Amino acid sequence: MVGMRRSLVAFVAAAVIAPLALSGCGDKKSGSSAAWAAPDVSASAGADPGASQGPITESATVPASLTVTPAAGKKDVPVSTEIAVAGGKVTTVALKDSAGKAVAGALREDGSSWVPAAPLKTKTAYAATVTATTDGGATQTATTTFTTMGAPAHKTGTGLYLFDNHTYGVAMPVVVEFSPGIKKADRAAVEKRMFVQTTPSQPGVWSWTSSGTQAYYRSKEYWQTGTTLKVRIAVGGLPTGKGLYGDRDRSATAKIGRDLEMRIDNATKKMTVTQDGKVVRTALVSLGRKSKPSVSGAMVVMEKKSETVFDTTDTDGAAGYQTEIQFAQRITWSGQYVHSAPWSVGSQGHTNVSHGCVNVSPSNARWLFDKTLVGDPVTVTGTGVKLAYGDGWTAWNVSWPEFVKGSALPVPDSLK
């Protein structure tokens, strides 16, 4: 297959992530929304919503060493703001808006701050009572008032590739996309607001692509069957660099299903399918011809279409083609799929004749389509062409030590 242009315009304004569309061999992407989720690692939090009574003034009992942020009287505060203290650890926060309504939120695990459960309202006055433990061990209470900024004129578009209440394969990374990409200097602040909680616990790490347009979250190994992923990308109103602010919060809660894996060997021209470690199917394949080679690497199923049309005329002009395809499963952004190819059945198992896709027979394609989930791992070996990082959800195509290097935040030694 051939590479296709990609656009983020569709999901920047979308409220939820839409299924990936096909236009030839590549296409667009979107985002989703749901509820708050606390993180696994440095950004983790425990719920502690609070309320305060009446107008609040700065407490005279707080030692100078304990400073609350936002500072009292601060204006034009981002709606993503967290309540924090210097010189101690936050233990409780009670926050109210100008109408006297309590704002829910959660403490970070390290007590460094309290994070509202949703972006604050624009151009609104807030009052907070903060209890903290000072570095000297004393418990102190402070108060502050601040006013949030208006709606920003320029925003960073975001997308989250998870649906609420959907079930995914064991290799499904948490994938977040940004348009424009986040510069290196701004990634740590953004990453600190990307929360993932796994049940049972399987601590993981975020890793960015070089362009900053995507970030992946995964653990050292594939997710355990039955895992629940709770994700909150809490960047609504967050400064993302160069006068831009995150467009909105996005969140989802999803499940991980059974362990089904597809392994394709160019040397034998065969696919081996295992489920929970046992071989359940083998299938003959035809991969990319010499002029259009398939890539080798660790990929995942990104999208499934029972029927579609591959259209390459927009990229290849007169040399392009339009072909009706059944049981197509995308594995790269550049346009490689596993799909039914009745025209190449005679070559499957013997000769590579495709435009880069994994061709299988109609019966094998249907069987696979009925069995697979988005997020199932697909590994291709022996083609001589390496999968480029970021060409698809490539979180598993690098070693764990290499993946960890892509984090913008310090990674605990226990996770290295």
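Residues numbered from 1 in each chain as written. Predicted model: local features only at pLDDT ≥ 70, side-chain atom pairs only at ≥ 80, totals over all residues. Heavy atoms only, no water.

**Thoughts on the sheet that holds strand β26 (residues 322-330)**
Working step 1: Read from one edge to the other, the open sheet built from 4 strands follows the order β25-β26-β27-β28, with strand pairing classed as mixed. Single-partner strands in this sheet number two, and they are β25 (303-311) and β28 (358-360). Between one strand axis and the next, the sheet turns by 35 degrees as a mean value, whatever way the strands run.
Working step 2: Note: β26 against strand β27 (residues 337-340), 2 bridges, orientation antiparallel. Considered in β27, the bridge of Arg330 is made with Tyr337.
Working step 3: Strand contacts of helix α4 (residues 362-371): β25, β26, β27 and β28, with the helix running at about 45 degrees to β26, the strand carrying the most contacts. (Pairing = 2+ DSSP bridges. Helix = DSSP H or I, 4+ residues; strand = E, 2+ residues; numbered from the N terminus. Axes fitted to C-alpha atoms, helices over the stretch in contact; angles between N-to-C directions. Contact = heavy atoms within 4.5 Å.)

**Some thoughts on the packing of aromatic side chains**
Working step 1: Evaluation of the coordinates by the stated rule reveals 11 aromatic pairs.
Working step 2: Ring centres of Phe310 and Tyr337 lie 4.9 Å apart, and the angle between their planes is 40 degrees; on these two criteria the pair is classed as tilted. Taken together, the residues span a long stretch of sequence, with Phe310 in strand β25 and Tyr337 in strand β27 at a distance of 27 residues. Of the two residues, Phe310 and Tyr337, neither departs from the other in class, the shared state being buried.
Working step 3: Of the aromatic side chains, those joined through ring pairs into one cluster are Tyr161, Trp333 and Trp393.
Working step 4: When the ring centre of Phe403 is taken as reference, the NZ or CZ atom of Arg218 above it lies at 5.0 Å.
Working step 5: Over the ring of Phe369 we find Lys304, and its NZ or CZ is 4.5 Å from the ring centre. (Phe/Tyr/Trp six-rings, centres within 6.5 Å; stacked < 30°, edge-to-face > 60°. Buried < 20%, exposed > 50% of the residue type's maximum accessible area, 1.4 Å probe, protein only. Lys NZ or Arg CZ within 6 Å of the ring centre and 35° of its normal.)

**Quick look at the pattern of salt bridges**
Working step 1: Counted according to the given criterion, the structure contains 10 salt bridges.
Working step 2: A salt bridge links Glu82 to Arg193, with the shortest nitrogen-to-oxygen separation between them at 3.0 Å. Note that Glu82 is positioned in the loop between β3 (74-77) and β4 (83-86) and Arg193 in the loop between α2 (184-191) and β14 (194-199), a separation of 111 residues in sequence. This pair shows no difference in class: Glu82 is buried, exactly as Arg193 is. (Salt bridge = Lys/Arg side-chain N within 4 Å of Asp/Glu carboxyl O.)

**Section: unusual backbone geometry**
Working step 1: Residue Pro70 is bonded to the preceding Thr69 through a cis peptide linkage, with omega at 0 degrees.
Working step 2: Looking at the element boundaries, Pro70 is found in the loop between β2 (67-69) and β3.
Working step 3: Residue Pro200 is reached from Thr199 by a cis peptide bond, and omega for that bond is 0 degrees.
Working step 4: Within the secondary structure, Pro200 is located in the loop between β14 and β15 (204-208).
Working step 5: Within the chain, Asn165 stands out as a residue other than glycine whose phi angle is a positive 60 degrees.
Working step 6: If you trace the backbone, Asn165 turns up in the loop between β11 (155-160) and β12 (167-168).
Working step 7: Backbone geometry places Phe327, a non-glycine residue, at a positive phi of 55 degrees.
Working step 8: Positionally, Phe327 belongs in strand β26.
Working step 9: With a relative accessible area of 10%, Phe327 lands in the buried category.

**A short note on the pairing of strand β9 (residues 125-134)**
Working step 1: Of all the 10 residues making up β9, 7 are buried; the element is thus mostly covered by neighbouring parts of the structure.
Working step 2: Sheet topology note: the strand β5 (residues 88-97)/β9 ladder contains 9 bridges and is antiparallel. Across the sheet, Val90 pairs through a bridge with Ala132, a residue of β9.
Working step 3: Where β9 lies against strand β10 (residues 139-148), 9 bridges are found, and the strand directions are antiparallel.

**Re the environment of Trp114**
Working step 1: Position of Trp114 among the secondary structure elements: in strand β8 (residues 113-116).
Working step 2: Residue Trp114 is classed as buried on the basis of its relative accessible area, which comes to 0%.
Working step 3: Taking C-alpha positions, Trp114 is 6.4 Å from Ala84, a pair spaced 30 residues apart along the chain.

**Here we look at the pairing of strand β21 (residues 260-265)**
Working step 1: Examined bridge by bridge, β21 and strand β22 (residues 270-275) share 6 bridges and lie antiparallel to one another. Each residue of the ladder has a partner; that of Leu260, found in β22, is Gln275.
Working step 2: Counting the residues in the hairpin turn of β21 and β22 gives 4 residues, including Lys269, whose phi is positive at 55 degrees.
Working step 3: Direction of pairing for β21 relative to strand β29 (residues 377-381): parallel, over a ladder of 4 bridges. Across the sheet, Asp265 pairs through a bridge with Thr381, a residue of β29.

**Concerning α4**
Working step 1: All of the buried residues along α4 are Asn364, Ala365, Leu368 and Phe369. Along α4, the residues classed as buried sweep out an arc of 135 degrees about the axis, all on the same side. Among the exposed residues of α4, those oriented more than 90 degrees off its buried face are Ser363 and Asp370. (Arc of directions from axis to C-beta.)

**Looking at the sheet that holds β22**
Hydrogen bonds between backbone atoms are what pair the strands of a sheet, whose relative direction is either parallel or antiparallel.
Working step 1: Strand order in the open sheet made by the 5 strands is β23-β22-β21-β29-β24, with mixed pairing throughout. Since the sheet does not close on itself, it has two edges, and those belong to β23 (278-284) and β24 (297-300), each with one partner. Within the sheet, the average angular offset between the axes of one strand and its neighbour, ignoring direction, is 20 degrees.
Working step 2: In the packing of α4 onto the sheet, the strands contacted are β21, β22 and β23, and the crossing angle to β23 comes to about 145 degrees.

**Concerning α2**
Working step 1: Looking at α2, one finds that the buried residues are Arg187, Val190 and Glu191. One side of α2 carries all its buried residues, which in axial view fall inside an arc of 90 degrees.
Working step 2: In this structure, the buried side of α2 is in contact with β13 (174-179), β14, β15 and β18 (239-241).

None of this, on its own, says anything about what the molecule does.
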